[in-house]
Structure formats: C-alpha cells, structure tokens
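A closer look at the structure
Here is what each chain is made of, one letter per residue.
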Amino acid sequence: MNFYKYSRKFAHDRITFIGLGNMGTPMATNLLKAGKKVSGYDLNTEFVENFKKEGGHSDNLNQSIKESDVIFAMLPNFKASDDVWKNAYKHMKKGAFIIDTSTFSPVDAKVIGEEAKGKGFIPAICPVSGGVQGAKNGTLSFMIGSDKDQFEMLKTILQPMGKNFYYCGDFAGGQTIKICNNLCLAIQMVGFSESMALGVKLGADPKVVTEVMSTSTGRCYSVDTYNPVPGVLPNTPASRNYDNGYNNELMKKDLVIANECAESVKLDAEIGRMVRDYYIKLVDLGKEKKDMGYVYQYILGNKKV
Ligand code: NAD
C-alpha cells in the first residue's frame, strides 16, 4: 500500500525532535523560529528545559509522536537512533516523515530506511555538515538519502535549518557522502595540526601561520574556519577550551565506519586507518568530549595529553 498520499495532506507544522545536543538544540530552535510547533526530547533533562525556554514544548513523548507529521532524530549513533525509531513506529501515524539527521553507517541507514518504509512511514536519512555554528546560523548542508519523489517536500521541511540540500540517492546515499566528507575532514585536521605544531616548535606565530596558509595552497576548513589553535579564530571550539564542538568520540565513530566501508570494498585506505587511530587514542586518553581539534594539542605534546 502506498502511504505517501497521506503525507501530501499534512501541513508538516507539527514536529517531534529527539536529541537536543550540540546540534539538535539549535536545529530544533530554528524550526521554532520558522513558526512550527516543536516538541523536543533528550535523555538530558537540562537540555529539554533550555529548549522550553526557547519556546519549545516537551509534553508526553509518545503523544507528541502520535500527533506529529514529522519526527526528527539527531542522535550520537545508530544504536540510539534504532532504539528511538523502534519506539516511534508504535505511535506514528501512517505517512508521517521520519527524518534522521544523525551520522551512522550507510549499511545501517539502509536498514532504518527500508524498515520504516515497510511500515508505511516516509523515511529520509539526511546527515548534515556545517557544525554547531552552521546549525545555529541555519546554514547546514543536508545530504539526503530518500525516495527521489520526496526530495522537494523534504527541502521545504528542512529549509529553516539549512542552506544546501543535496539529493544523494537511496537511504544509504547521504551517509556514504557524509562518511567520505568526515574522512577528508579528519585527514586535513590531523595534517594541519602536524604542520602547525611544526611551525610553532620552529618559532612561528600561529596567527601568522594561519593568515598565510589561509591564502596559500595549504588552505582548508581546518585552517580558515575550524582552526584547532586556541585564540587564533573566534567562535571555534579551540577558543572555548575545545568544548561544545564535534567531539572526539563522534569523530572516532565516523572513522571506524569509514574504515569498515573501505574494507568492504577492498580499498586500501592507509591514511584513513592512521587518522582513525589518532581519534581512538584520544578517546582512550579520556578526551572523548573534547572537540576533534584537540588532536593539535596531542601532536604538539608529542602524543601526550
Ligand atoms: P551530542 O552528543 O551533543 O548530542 C546527542 C544528544 O542525543 C545528547 O544530548 C544525548 O543526551 C541525546 N540522546 C542520546 N540517546 C538518546 C535517546 N535514546 N533519546 C533521546 N536523546 C538521546 O552530539 P551532536 O554533536 O549534537 O551530534 C549529533 C549527531 O550529529 C551525531 O551523529 C554526529 O555525528 C552528527 N553531527 C555532529 C556535528 C557537530 O559538529 N557536532 C556535525 C555534523 C553531524
């Protein structure tokens, strides 16, 4: 039975948003600012109280799911998403959207998408890029994995939170590109951290290194936007003690997935394995909640923290 026809009748103004962490809170707040009625949930009650102060609701979760046209999840990993969706399926109305913006493996994305579709819901697995600042500014990029005929509707629903909307193919498509993006991000972050540590040890001023590299061939996101050296750029996690950014635990997750994907297609991703091991080590050293730019301190301290 095709449930998509039900969805077309919904206004998509009644939203349940699950996961109010570093990304989820600003994303859900932007939906509120766009005039949507949003109920937000998180295991951390402090985050829920803060969201209510922004004008959000947080009544009974299952009742909210039942009434919503769109259910969002912005969660740390597949296990959390899977738990949340298994509960949601029991309460959702047919034709409602499931939009999971968390990052997990393409294989798991396919599992969630096909299960939800089989139950009469409209799944879209849409990981994002742009970081906490992009979430706050409503300028995220969405990598959309869904049935193609839902793309226009999805763009309308996601509009308050983003600037770029890419159709990436089936349910696994968005996560495939997200994992490739984050593998590249980790490689450039570790690479820039190593070159910056070299410059600093040779006596260079990190602000001058950044200024020069920002207009030179070494320029990249880790140089001019997400610089890992404290005090070099404002509004970076490095300039707030590496807090509230993209934490090492999440980067480790992405790199484990990227390497598993590489193995599954017999790609020898040697640098991918190296950067994965940096982030495994940072988590082992108890730095799991620090931003991924903390790898600069690790390298500068000759692999000690
Ligand atoms: P976070 O750890 O700050 O937030 C996750 C939130 O989910 C936490 O507040 C946690 O309490 C909550 N949670 C966990 N299990 C739950 C459950 N069962 N029910 C309700 N709430 C639950 O993480 P984040 O930085 O917001 O990242 C979220 C996702 O977005 C991750 O998958 C990450 O890989 C991805 N992502 C993050 C960034 C970033 O810059 N932080 C950028 C792009 C993508």
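**Let's talk about the overall build of the protein**
A count of helices and strands for the protein gives 14 helices and eight strands. A globule of 305 residues ought to have a C-alpha radius of gyration of about 19 Å, and the protein, at 20 Å, matches this closely. Seen through its C-alpha atoms, the protein measures out along the principal axes to roughly 65 × 45 × 35 Å. At a minimum sequence separation of 6, the contacts of the protein that also span at least 24 residues come to 63%.

**Some points on the domain arrangement of the protein**
Its domain assignment divides the protein into domain 1 (3-169) and domain 2 (176-300). A straight line from the C-alpha centre of domain 1 to that of domain 2 covers 28 Å. The interface of domain 1 with domain 2 comprises 15 residues on the first partner and 14 residues on the second. Buried surface at the junction of domain 1 and domain 2, summed over both partners, amounts to about 1,100 Å²; 62% is from carbon and sulfur atoms. Sorting the residues of domain 1 by area buried against domain 2 places Asn22, Thr103 and Pro106 first, and these three jointly supply 38% of that buried surface. Seen at the junction of domain 1 and domain 2, the total is zero salt bridges. On the surface where domain 1 and domain 2 come into contact, there are three residue pairs in polar contact (both at pLDDT 80 or more). The set of elements that each furnish at least two residues to the side of domain 1 that touches domain 2 consists of strand E6 (128-129) and helix H7 (131-137). In the side of domain 1 that touches domain 2, the residues fall into eight nonpolar, seven polar and no charged.

**Details of the packing of aromatic side chains**
The tally for this structure, following the rule as stated, stands at eight aromatic pairs. Relative to Phe72, the ring of Phe17 lies with its centre 5.3 Å away and its plane at 20°, an arrangement referred to as stacked. Note that Phe17 is positioned in strand E1 (residues 14-18) and Phe72 in strand E3 (residues 70-73), a separation of 55 residues in sequence. With respect to burial, Phe17 and Phe72 carry one shared label: buried. Measuring from centroid to centroid gives 5.7 Å for Phe78 and Phe104, while their planes differ by 70°, and the two rings are edge-to-face. Of the two residues, Phe78 sits in helix H5 (residues 78-89) while Phe104 sits in the loop between strand E4 (97-100) and helix H6 (106-118), which places them 26 residues apart along the sequence. Side by side, Phe78 and Phe104 carry an identical accessibility label, which is buried.

**Side note on helix H9 (residues 173-201)**
In a regular helix each residue adds 1.5 Å, so 29 residues correspond to 42 Å; H9 covers 42 Å between its end C-alpha atoms and thus fits that length. Remark: Gly203 follows H9 within two positions and exhibits a positive phi of approximately 100°.

**Observations concerning the site of the ligand**
Taken together, 22 residues lie around the ligand, and Asn22, Met23, Asp42, Leu75 and Lys253 are the ones closest in. Here an oxygen atom of the ligand and a backbone polar atom of Asn22 are 2.9 Å apart. Within the backbone of Gly245, an N or O atom sits 3.4 Å from a nitrogen atom of the ligand. Within the complex, the protein chains bury 87% of what would otherwise be the 840 Å² of accessible surface of the ligand. At the level of elements, H5, H7 and helix H12 (248-264) are the ones that each hand at least two residues to the shell around the ligand. Tallied by class, the residues present in the shell around the ligand amount to 13 nonpolar, six polar and three charged.

**What about the pairing of E4?**
Taking every second residue as pointing to the same face, both faces of E4 are buried, with Phe97 and Ile99 on one and Ile98 and Asp100 on the other. Alignment of E3 against E4, held across four bridges, turns out to be parallel. Within E4, the position partnered with Phe72 by the bridge is Ile99. Regarding the hand of the β-α-β motif, the stretch spanning E3, H5 and E4 is right-handed. Sheet topology note: the E4/strand E5 (residues 122-125) ladder contains four bridges and is parallel. Directly across from Asp100, in E5, lies its bridge partner Ile125.

Rules behind the numbers
Residues numbered from 1 in each chain as written. Predicted model: local features only at pLDDT ≥ 70, side-chain atom pairs only at ≥ 80, totals over all residues. Heavy atoms only, no water. Helix = DSSP H or I, 4+ residues; strand = E, 2+ residues; numbered from the N terminus. Rg over C-alpha atoms; globule rule 2.2 N^0.38 Å. Contact = heavy atoms within 4.5 Å. Domains from an automatic or database assignment. Buried area = accessible area lost by both parts, 1.4 Å probe. Salt bridge = Lys/Arg side-chain N within 4 Å of Asp/Glu carboxyl O. Polar contact = N/O pair within 3.5 Å; in protein donor to acceptor, adjacent residues only side chain to side chain. Nonpolar A, V, L, I, M, F, W, Y, C, P; charged D, E, K, R; others polar. Phe/Tyr/Trp six-rings, centres within 6.5 Å; stacked < 30°, edge-to-face > 60°. Buried < 20%, exposed > 50% of the residue type's maximum accessible area, 1.4 Å probe, protein only. Expected span 1.5 Å × (residues − 1). Near = heavy atom within 4 Å. Areas by Shrake-Rupley, 256 points an atom, 1.4 Å probe, with all protein chains shown as cover. Pairing = 2+ DSSP bridges. Right-handed = clockwise from strand over helix to strand, strands pointing away.

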